Amino acid sequence: MNHMANGEDVLRAQIASMLKAGLETEITPFPEDSNAFAQLLQRIREEAGSVLEKKLVIGGFTDYPMGEDQQRCQECMYYLNHRRWCDLPELDVPVEPDWWCRLWHI
Amino acid sequence: MANMLWLQGGACSGNTMSFLNAEEPSACDLVTDFGINVLWQPSLGMDMGENVQKLLRDCVSGAIPLDIFVFEGTVVNAPNGTGTWNRFAGRPMKDWVKELTAAAQFVVALGDCATWGGIPATAPNPSDSKGLQFLKKQHGGFLGANFKSKAGLPVINIPGCPAHPDWVTQVLVAVATGRAGELELDDLQRPKTFFKSFTQTGCTRNMHFAYKVSATEFGQRKGCLFYDLGCRGPMTHSPCNRILWNRQSSKTRAGMPCLGCTEPEFPFFDLAPGSVFKTQTMMGVPKELPEGVDKSAYIKLTAAAKSASPAWAEKDIFVI
Ligand code: SF4
Ligand code: SF4
Ligand code: SF4
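Here goes a summary of the coordinates provided. (Residues numbered from 1 in each chain as written. Chains lettered and ligands numbered in written order. Predicted model: local features only at pLDDT ≥ 70, side-chain atom pairs only at ≥ 80, totals over all residues. Heavy atoms only, no water.)

### A closer look at the site of ligand 3
Working step 1: Contacts to ligand 3 come from Thr-199, Thr-236, Ser-238, Cys-240, Trp-245, Lys-251, Cys-258, Leu-259, Gly-260, Cys-261 and Thr-262 of chain B.
Working step 2: Here the shell around ligand 3 is composed, by residue class, of five nonpolar, five polar and one charged. (Near = heavy atom within 4 Å. Nonpolar A, V, L, I, M, F, W, Y, C, P; charged D, E, K, R; others polar.)

### Quick word on the side chain of Thr-199 of chain B
Working step 1: Mapped onto the secondary structure, Thr-199 of chain B falls in the loop between helix H7 (192-195) and helix H8 (206-210).
Working step 2: Taking the relative accessible area as the measure of exposure, Thr-199 of chain B reaches 4% and is therefore buried. (Helix = DSSP H or I, 4+ residues; strand = E, 2+ residues; numbered from the N terminus. Buried < 20%, exposed > 50% of the residue type's maximum accessible area, 1.4 Å probe, protein only.)

### Some points on the sheet that holds strand E2 (residues 85-86) of chain A
Where strands meet in a sheet, backbone hydrogen bonds hold them as pairs that are either parallel or antiparallel.
All names here are of chain A.
Working step 1: Taken in spatial order, the three strands line up as E1-E2-E3 in an open sheet, and their pairing is antiparallel. Only two strands of the sheet have a single neighbouring strand rather than two, namely strand E1 (79-80) and strand E3 (93-94).
Working step 2: Pairing analysis gives two bridges linking E2 to E3, with the strands arranged antiparallel. When the bridges of E3 are listed, Cys-86 appears paired with Val-93. (Pairing = 2+ DSSP bridges.)

### Observations regarding the pattern of salt bridges
Residue and element names in this part refer to chain A.
Working step 1: Taken as a whole, this structure holds 21 salt bridges over all chains when the rule is applied.
Working step 2: The partner of Asp-98 in a salt bridge is Arg-72, and the shortest N-O contact between them spans 3.0 Å. Pair noted here: Asp-98 is in the segment after E3 and Arg-72 is in the loop between helix H3 (52-59) and E1, with a separation of 26 residues, a long-range link.
Working step 3: Judged by its relative accessible area of 37%, Asp-98 is partly exposed. (Salt bridge = Lys/Arg side-chain N within 4 Å of Asp/Glu carboxyl O.)

### Here we look at the side chain of Thr-16 of chain B
Working step 1: Relative to the elements of secondary structure, Thr-16 of chain B occurs in helix H1 (residues 14-20).
Working step 2: According to the relative accessible area criterion, Thr-16 of chain B is buried, its value standing at 0%.

Here it is as structure tokens:
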């Protein structure tokens, strides 16, 4: 368990440094409706698979909250608060509460 | 002894199948213990051909008193209002329905097709199907908004795709034992005893609903099915988590979203691609919120619930 938690922490730190280093991700367009959302998921499945960097890029990850409403993982439906984890099967990555991606959903 | 006649229009027989699975009371108990005399039923009736025609004519003329007329399936009006796409016992079924509903003390519409038109009436509705007293949400249907059966009640609607056997048998028992007056109907003519609460009432996932933890795949035991998988439990009037199916389970207990089958708009969004088993959203917020909740309250509630959610809510707490 500890080993797994450590592994998750290491991966979270790795993602944090990729974002901090300025990884350019596709933050727009935000998927306006369920169809656009489904298409984006399909793209992640087809183009990214389990390749971390591609998931972050297509997902449009940022390491800060987004927009007027300050949208962020903390309130997103897929966020597991205690594990600090994105539970959306297509992403399935460790995150921080103040991050965001364009699959945000409440 | 109450005489019951049951006919099927544009239907899949699902409600008959459901009814035949009834227990406590079973279909046989209805006859032996509750005095329901089944004049004819598509799967139970022994008569065929001219005998059925004569029986129907006798019901229409009053030679045989018709206490309860149960109709399953849509009233088919195609082509061009003639109804000949659905002939039965020598004439369009819709002509029998018109005359039998006028002769019956009580009329029961069973299942979504008979109540609102259901799947057959989904756009473009090629069979020109109607429910007995509704077409989807619109009051009127085949019999018209003012229809009342001889006992003075409108059509008693028991929706569902199919209806749970208990919803049917208990309504039939109430009518046959002279307690129809106790059946309070809602605006859509559904007995309130079954259709006042929601599918969500009694759902085992309510704590995940409250803490905003989402199930992301079918059959997952953790999480609520509302946020991602299109569960209509908070907007659907049904007792599916109070009166369990097969006395065992329900869709949501098994990890399958409620499709809202007891509501007149079912199947929702006319089955457009991507609309089934998927919560419809607009800019990341569900288009349809639980009944009585507005959007800004929903957003505030989400933020509060998420940050308050306990660790166990994120795990599978059910141990086999
Ligand atoms: S979907 Fe995006 S915003 Fe939501 S938890 Fe996952 S990474 Fe965060
Ligand atoms: S699974 Fe459906 S019925 Fe159950 S709590 Fe969630 S939304 Fe309500
Ligand atoms: S759970 Fe929903 S879709 Fe299933 S039978 Fe009940 S009301 Fe119908």
